[in-house]
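Listed below are the residues making up each chain.
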Amino acid sequence: MKVISNYINGQLIAPQSGQYIDVYDPSVGEVYAKLSDSDNRDVGQAVQAAKKAFPVWSGMTTEKRSAILLKIAQGIEANFEKLALAESIDNGKPLKLAQEVDIPRAASNFHFFATGLIHFASESHSMEEGAINYTLRTPIGVVGCISPWNLPLYLFTWKIAPALAAGNCVVAKPSEITPMTAFLLSEICIEAGLPAGVLNIVHGYGNKVGQAIAEHPQITAISFTGGTVTGAHIAKIAAPMFKKLSLELGGKNPAIIFADCNYEKMLDTVMRSSFANQGQICLCGSRIFVERPLYEKFKLDFVQRTAQLKVGDPLLENSNLGAIVSEPHMNKVLSYIDLAKQEGGTILTGGKRVKLEERCKNGWFLEPTVIEGLSYDCRTNQEEIFGPVVTIMPFDTEEEVLMYANSTQYGLASSVWTENLSRAHRIAAELKTGIIWTNCWLLRDLRTPFGGMKNSGVGREGGWEAMRFFTEAKNVCIKY
Ligand code: NDP
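This one's a predicted model, so the numbers in the text were calculated from it and none came from an experiment.

1. Remarks on the pattern of salt bridges
A complete count under the given rule lists 20 salt bridges for this structure. Put simply, lysine 93 and aspartate 102 hold a salt bridge, and the shortest N to O gap is 2.7 Å. Just as lysine 93 is buried, aspartate 102 falls in that class too. For aspartate 260, the salt bridge identified is with arginine 423, shortest N-O distance 3.0 Å. Here arginine 423 lies in helix α13 (residues 421–430) and aspartate 260 lies in the loop between β13 (253–257) and α9 (263–275), a separation of 163 residues in the sequence. The class for aspartate 260 is partly exposed, based on a relative accessible area of 28%. Judged by relative accessible area, arginine 423 falls into the buried class, the value being 12%. Each of Asp260, Glu398, Arg423 and Arg426 takes part in salt bridges that share partners, so that together they form one network.

What follows is the structure, encoded as structure tokens:
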């Protein structure tokens, strides 16, 4: 059985506890690897290694730092098939999705920030009083990166790459549910010649390793992606120590469909925004609002197409949906389907566990589910389900749909479907979400600010936003 070691001070080492955690393949419901069950001692060791490496890494020329990070990107590309397969087995996602989205994006994250760091510049402000200000942006030191299970390597690298590019040393923790590709990344980093201690990956439970990262006084900035409750917990620990915090949290995203939309394009994309990665993407549109003249037609077509989606072995080419990441998570999603029924919802299609045969007979699979007949403010429409479950409901006016869309505690992303340009701008201005896609979904330019409003988070990732987060700004004012 594969054993997943920590990556500390440039070496793959066992946890100090000597204990290991079971890692499951959700498509077969069986343990397939053992993961280091680390604790604050391992985090302490990682922080010491990172501190020692910091002067070398931060003092390196940008060209040299860039070259090492590019080698990591190339290492991801060279191990493309291995990483995609590992991601599919660990997470349950269709192999095809890992090949098309997760792994290419992990390589792009490193490419993007490896080249970006060469072009990163700071501001200068001249004054009429005969003075000039310039901003120095210096790396922070040792930073913590904590990431979730839904897009494991994709989100892990989205944090680590800018943190390293800005000249910091990193102590990182992937989700204990999906640690395999982070482990493979540590092997790639060793091969790429990343100096010892620059990146440390400490595996284990959130309430031990994650907690130790949040608490450690020498980790002075934390970038976290995960649930809103965990984010609030981390903020509570970090705030009295005045740590810099970037929090990318949950969502309950609206998809708003007007009758004048490009129907075929909308339907294809809304299928994806509802059920890609079994609905386990923080950006998935789980509340679908349809303008009343189009409602019945949309309902008919959408339900029919959803019922045709194939839930199957993630390794097979023709599977549209793979497994749910864990048994507890599958049960959580099922409990929300029960709640929807109690709240008066009608299941139009799906709603049940899927029992596959042969290899996947004990795997954790769910039918893609469409529900109607619920009010916008019931729990099903307010709480994050994070599975292949969407609700549909009609609306009559722009004001009404904006009220529905903005009614949740979340404010991560929305998608809007209309061919009316003025309306598209009007709606975008009024939506209380950090990201608005008009006539598209998940179209990502890595230079743009990425993140949510309200309880979906604090701060933005992406482009210079990330480089600024991972640096301290110092203003120098010179009178001449
Ligand atoms: P969790 O909040 O449960 O976990 C996220 C990470 O935090 C994991 O590595 C977890 O470890 C760790 N963690 C748990 N407890 C603590 C703690 N006390 N201190 C420090 N770290 C801790 O989220 P999930 O992994 O369940 O991910 C799903 C959530 O992530 C959804 O709410 C989703 O919306 C959100 N998300 C947000 C995105 C965004 O960009 N806004 C993108 C993707 C997901 P462990 O796994 O061991 O518990």
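2. Regarding helix α11 (residues 327–342)
For α11, built from 16 residues, the straight-helix expectation of 22 Å at 1.5 Å per residue is met to within 8% by its first-to-last C-alpha distance of 23 Å. Where α11 is concerned, the buried positions are His329, Met330, Val333, Tyr336, Ile337, Leu339 and Ala340. In this fold, the buried residues of α11 make contact with β15 (346–349), β16 (353–354), β17 (365–366), β18 (369–372) and β19 (389–395). The N-terminus of α11 is capped by serine 326, whose side-chain oxygen sits 3.1 Å from the backbone nitrogen of histidine 329. At the exit of α11 stands glycine 344, carrying a positive phi of roughly 100 degrees.

3. Observations regarding the confidence of the model for the protein
Reading fine detail from the predicted coordinates is not recommended where pLDDT is low. Overall, the predicted model of the protein reaches an average pLDDT of 98, with 100% of residues at or above 70. Across the protein, the secondary-structure element scoring lowest on mean pLDDT is strand β24 (residues 457–458), at 96, and the one scoring highest is strand β10 (residues 199–201), at 99.

4. Concerning the side chain of serine 415
Among the structural elements, serine 415 can be located in strand β21 (residues 413–417). Each residue touching serine 415, except ones within four places of it in the same chain, is listed here: Pro254, Ala255, Ile256, Trp437 and Cys440.

5. Examining the site of the ligand
Taken together, 31 residues form the shell around the ligand, and within it Glu176, Thr230, Leu249, Cys282 and Glu384 come nearest. At 2.8 Å, a backbone N or O of glycine 227 approaches an oxygen atom of the ligand. A distance of 2.6 Å separates an oxygen atom of the ligand from a polar side-chain atom of threonine 230. When isolated, the ligand has an accessible area of 900 Å², and the protein chains bury 88% of it. Elements represented by at least two residues in the shell around the ligand include exactly α7 (206–215), β11 (221–225) and α8 (228–238). For the shell around the ligand, the class distribution of residues is 13 nonpolar, 14 polar and 4 charged. Each of domain 1 (2–249 + 456–479) and domain 2 (253–447) gives at least three residues to the shell around the ligand.

6. Considering unusual backbone geometry
In this structure, glutamine 278 is a non-glycine residue whose phi angle is positive, near 60 degrees. Mapping glutamine 278 onto the fold places it in the loop between α9 and β14 (285–291).

7. Side note on the sheet that holds strand β4 (residues 20–25)
Judged by pairing direction, the sheet is mixed, and its 3 strands sit side by side in the order β1-β5-β4 without closing on themselves. Of all the strands in the sheet, the pair left with one neighbour each is β1 (2–4) and β4. Neighbour to neighbour, the strand axes of the sheet diverge by 35 degrees on average, direction disregarded. With 3 bridges connecting them, β1 and strand β5 (residues 30–36) associate as parallel partners. Residue pairing in the sheet places isoleucine 4 in a bridge with leucine 35 of β5. Each of β4 and β5 is contacted by helix α3 (residues 80–91), which is oriented at about 100 degrees to β4, the strand it contacts most. Those strands touched by helix α6 (residues 180–192) are β1 and β5, and its axis lies near 80 degrees from that of β1.

What counts and what doesn't
Residues numbered from 1 in each chain as written. Predicted model: local features only at pLDDT ≥ 70, side-chain atom pairs only at ≥ 80, totals over all residues. Heavy atoms only, no water. Salt bridge = Lys/Arg side-chain N within 4 Å of Asp/Glu carboxyl O. Buried < 20%, exposed > 50% of the residue type's maximum accessible area, 1.4 Å probe, protein only. Helix = DSSP H or I, 4+ residues; strand = E, 2+ residues; numbered from the N terminus. Expected span 1.5 Å × (residues − 1). Contact = heavy atoms within 4.5 Å. Polar contact = N/O pair within 3.5 Å; in protein donor to acceptor, adjacent residues only side chain to side chain. pLDDT = per-residue confidence, 0-100. Near = heavy atom within 4 Å. Areas by Shrake-Rupley, 256 points an atom, 1.4 Å probe, with all protein chains shown as cover. Nonpolar A, V, L, I, M, F, W, Y, C, P; charged D, E, K, R; others polar. Domains from an automatic or database assignment. Pairing = 2+ DSSP bridges. Axes fitted to C-alpha atoms, helices over the stretch in contact; angles between N-to-C directions.

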